[in-house]
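Coordinates in review
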Amino acid sequence: MTALDWADALELDSLGMVAEAGRAVEALEAGVAGGAAVELPFPPEAVRAVAVCGMGGSAIAGDIVASVYRERLRRPVVTLRDYALPGWVGDDTLVVLMSYSGRTEETLTAAMQAVERGCLVVGVTSGGKLESFYGAQGVPIVRVPPGLQPRAAFYHLLGPLLVVLARLGVVPDVDGDLADARDVLARGVAAYGPGAPAGENPARQLAAALEGAVPLVYGAETTSAVARRWKAQINENAKAPAFWAELPELDHNEIVGFEKPGAFGARAHVVMLRDPHHHRQVQRRFELTGELVEARVRGVASVTGEGGTALGRALDLVLLGDHVSVYMGLLRGVDPGPVTLIEELKGRLATTGYGRGPDPRG
């Protein structure tokens, strides 16, 4: 694209998704402050396990924390994307209700069950019924700024979750990790933002390479959840199909699909999200998997997160993926903001069956 074309493309961004990605540092700091300020009416020793309840852009923070701190978790942390809580969730489980809008029907239903079971409950939301109803019942609420798309509120949601879990002893002290994350995000905003020239901008370069492709995003260990984030961001921002998987599991099944990929092989573009501290066998698997599939797909790209901590490196990749996904949409002349099919589905759910009305069950 010429400079003029690029400026025109940016004008398509009606909801300011590019601008929000550029405010990552400020959003993380605001989220951290909210997590530090909320009053927690239960001690760390009361928490046996953690269930993070959420959907879509509100849930991914739970996945990121669980994968980044996988070797340092002091309690199990599981992200639940469903209406029903599993049987193990009880009065010694911290249930973190993550709903940016505060109106997510799956999360509100889980909230009802969590309160009925006497769980240790905290909510993170911009408002809605999660704040007005459950906050009035005594559930501690971390309120985040309204008016964003949930996927654009990632750092506002991640900050409170990370700080609350640190305060309750689920993860170790996070001050050093957060300092590194701020530095990494500041550098990433400069490197991946729309003002960085195309020839020096990894996000614009990768978005151009993926134009017309179906991305297959692969992660492992600390980058598994990041791969899931990339997949969802490409779906919502670029309005395009994308898929994700994780090593080493995909080497026991998905890799066989490349033996006879048919017409799909010409569309598939593998993107490997890597961390220099991966297990040495995982490092070998990335290399060998890439070698084996390269001749059977449109392309293979490998990206390694930069930073001094696992959190910093993961967030570097998150920020890169956020920019790549938005640029993919803009390069196709697509406004990355609206999610029309999601809104249409919600509208249909609201007028039929169980989901009728603005406040389903929860």
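Relevant structure appears above.
Each residue is numbered by its place in its chain's sequence as written, counting from 1. Where totals are concerned, whole chains, interfaces and linings use all residues; where local detail is concerned, this predicted model gives features only for residues with pLDDT of at least 70, and gives and counts side-chain atom pairs only at 80 or more. Water and hydrogen atoms were dropped before computing side-chain values, which therefore reflect all heavy atoms in the structure.

**Examining the sheet that holds strand 4 (residues 120-125)**
Sheet architecture is open: 5 strands sit in the order 2-1-3-4-5, paired in parallel fashion. Each end of this open sheet is capped by a strand with a single partner; those strands are strand 2 (77-80) and strand 5 (141-143). Each neighbouring strand pair of the sheet contributes to a mean axis angle of 15°, computed without reference to strand direction. Inspection of the sheet shows strand 1 (residues 49-53) paired to strand 2 by 4 bridges, in the parallel sense. Along strand 2, the bridge assignment pairs Ala 51 with Val 78. When checking whether two residues touch, look at their non-hydrogen atoms; a contact exists if any pair is within 4.5 Å. Comment: axis = line fitted to C-alpha atoms, over the contacting stretch for helices; angle = value between 0 and 180 degrees taken between N-to-C directions. Secondary structure counts use DSSP, requiring at least four H or I residues in a row for a helix and at least two E residues in a row for a strand, with both numbered from the N terminus. Where helix 7 (residues 154-167) meets the sheet, it contacts strand 1, strand 3 (93-98), strand 4 and strand 5, and its direction lies at approximately 170° from that of strand 3. Two strands pair if DSSP finds at least two bridges between them.

**Examining the pattern of salt bridges**
The term salt bridge refers to a side-chain nitrogen of Lys or Arg lying within 4 Å of a carboxyl oxygen of Asp or Glu. All chains considered together, the criterion is met by 13 salt bridges. One salt bridge in this structure joins Arg 23 and Glu 20, with 2.6 Å as the shortest N-O distance. Judged by relative accessible area, which is 18%, Glu 20 ranks as buried. Close ionic contact of Glu 287 with Arg 274 constitutes a salt bridge, the shortest N to O distance being 2.8 Å. Here Glu 287 is found in helix 11 (residues 280-293), whereas its partner Arg 274 is found in strand 8 (residues 268-274), with 13 residues between them in sequence. A simple rule labels every residue: compare its accessible area, found with a 1.4 Å probe on the protein chains alone, to the largest value its type can have, and call it buried under 20%, exposed over 50%, or partly exposed in between. Residue Glu 287 is classed as partly exposed on the basis of its relative accessible area, which comes to 41%.

**Some thoughts on the nonpolar core**
Residues grouped as a nonpolar core are buried Ala, Val, Leu, Ile, Met, Phe, Trp, Tyr and Cys residues, joined through side-chain atoms within 4.5 Å. Counting 82 residues, the largest nonpolar core has Leu 94 and Tyr 155 as the members making the most contacts within it. No other element matches the 13 residues that helix 12 (residues 310-331) contributes to this core. Residues contacting Leu 94, with those up to four places away along its chain left out, are Phe 42, Val 47, Ala 49, Val 50, Ala 51, Leu 120, Val 122, Leu 165 and Leu 168. One finds Cys 53, Val 89, Ala 114 and Tyr 134 within the second-largest nonpolar core, a separate group that totals 17 residues.

**Here we look at the packing of aromatic side chains**
For any two aromatic rings, the description comes down to two numbers: the centre-to-centre distance and the angle of the planes. Two rings from Phe, Tyr or Trp (for Trp, the six-membered ring) form a pair when their centres sit within 6.5 Å of each other. Planes less than 30 degrees apart are called stacked, planes more than 60 degrees apart edge-to-face, and all others tilted. Applying the stated criterion across every chain yields a total of 3 aromatic pairs. Each ring, one from Trp 6 and one from Tyr 327, has its centre 5.1 Å from the other, and the planes form 75°; the classification is edge-to-face. Here Trp 6 is found in helix 1 (residues 3-10), whereas its partner Tyr 327 is found in helix 12, with 321 residues between them in sequence. Across this residue pair, the class does not change: Trp 6 and Tyr 327 are buried. Between Phe 133 and Tyr 134 the ring centres are 4.9 Å apart and the planes differ by 85°, which places this aromatic pair in the edge-to-face class. Taking the ring centre of Phe 133 as reference, the NZ or CZ of Lys 129 above it sits at 5.1 Å. We call a charge positioned above a ring when the Lys NZ or Arg CZ atom is no farther than 6 Å from the ring centre and deviates by at most 35 degrees from the ring normal. Taking NZ or CZ as reference, Arg 204 lies 3.8 Å from the ring centre of Trp 6, over its face.

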